[in-house]
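Working through the structure, step by step
In case you want the letters, here they are:
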Amino acid sequence: MDTDARREQVEELVQNSQEAILDASKRLAKAISSEASKALPAAGDDLTRLVDEVFDFAQRVIDEQRKMVAEVLRALSETLGDAAQTASDKAEQVANKATGKKPAAKKPAAKKAPAKKAPAKKAPAKKAAAKKAPAKKA
């Protein structure tokens, strides 16, 4: 699958998710309005208390929405972070293949404990042999 097709799939997924969230929000608002209208006549005697209850309820709804958005953003960040790292790794592999370089050592992930270092390897002994002069052409 090529890059354009993958991008279109992601865009479609995001659009479908947004539509689902919008639909759920509308249904939730309708249900809240329906239930609130049932409760209002009983609380109508004390307007100050009614206003306080409405604002307290609105604050709880906003707090829950904030938590939900934070969780969505955290999940997206983790997913996109993983995808970005994978894309970066692939790009590095392609670049290394094109230039003939060996791949760089991978850095340990931030969440994992640092890897134990292996004992240092000894450098190979230098050869004392002198360089040969290039052969003369006949």
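In the block above lies the structure referred to throughout.
Residues numbered from 1 in each chain as written. Predicted model: local features only at pLDDT ≥ 70, side-chain atom pairs only at ≥ 80, totals over all residues. Heavy atoms only, no water.

1. Looking at the overall build of the protein
The criterion, for reference: A helix here means a DSSP run of H or I that spans at least four residues, while a strand means a run of E at least two residues long, and both kinds are numbered starting from the N terminus. The cut-offs for exposure are 20% and 50% of the maximum accessible area for each residue type, with area from a 1.4 Å probe on protein chains only; residues under the lower value are buried, those over the upper are exposed, and the others partly exposed.
If you tally the helices and strands in the protein, you get two helices and zero strands. Out of the 138 residues in the protein, the part that is buried amounts to 3%.

2. Structural notes on the environment of Ala36
Note that Ala36 resides in helix α1 (residues 3–43). Of the residues examined, Ala36 reaches a relative accessible area of 34% and is grouped as partly exposed. Placed 18 residues apart in sequence, Ala36 and Val54 show a C-alpha to C-alpha distance of 9.3 Å.

3. Some words on helix α2 (residues 47–99)
Operational definition: Here a helix's expected span is defined as the number of its residues, less one, multiplied by 1.5 Å.
With 53 residues, α2 ought to run about 78 Å at 1.5 Å a step, and its terminal C-alpha atoms sit 76 Å apart, in line with that. Residues of α2 that are buried include every one of Leu50, Asp89 and Asn96, and no others. Once α2 finishes, Gly100 follows within two positions and takes phi at roughly 80 degrees, a positive value.

4. Digging into the pattern of salt bridges
Note the following rule: Counted as salt bridges are all cases of a side-chain nitrogen of Lys or Arg within 4 Å of a carboxyl oxygen of Asp or Glu.
Enumeration according to the criterion identifies four salt bridges in this entry. Linking Arg7 and Asp4 is a salt bridge whose minimum nitrogen-to-oxygen distance equals 3.2 Å. Highlighted residues: Arg7 and Asp4, both in helix α1, separated by three residues, approximately one helical turn. For Glu64, the salt bridge identified is with Lys67, shortest N-O distance 3.4 Å. With Glu64 and Lys67 both in helix α2, this residue pair falls three residues apart, about one helical turn.

5. A short note on a nonpolar patch on the surface
Keep this limit in mind: In this analysis, a patch consists of residues with relative accessible area above 30% that form no salt bridge, clustered at 9 Å for like charges and at 5 Å for the nonpolar side chains Val, Leu, Ile, Met, Phe, Trp and Tyr. Here, Shrake-Rupley sampling with a 1.4 Å probe gives the accessible areas, and only protein chains in the shown set may cover a residue.
Among the surface-exposed residues, Met68, Val69, Val72, Leu73, Leu76 and Leu80 lie close enough to one another that they form a single nonpolar patch of about 520 Å² accessible area. The topology assignment puts Met68 in helix α2.

6. Concerning the environment of Asp4
The line we're drawing: Polar contacts, as used here, are pairs of N or O atoms within 3.5 Å; protein pairs need one atom able to donate a hydrogen and one able to accept it. Residues neighboring in sequence count only if both atoms are side-chain atoms.
When its relative accessible area of 40% is taken as the criterion, Asp4 is described as partly exposed. Among the polar contacts made by the side chain of Asp4, one reaches the side chain of Arg7 at a distance of 3.2 Å.

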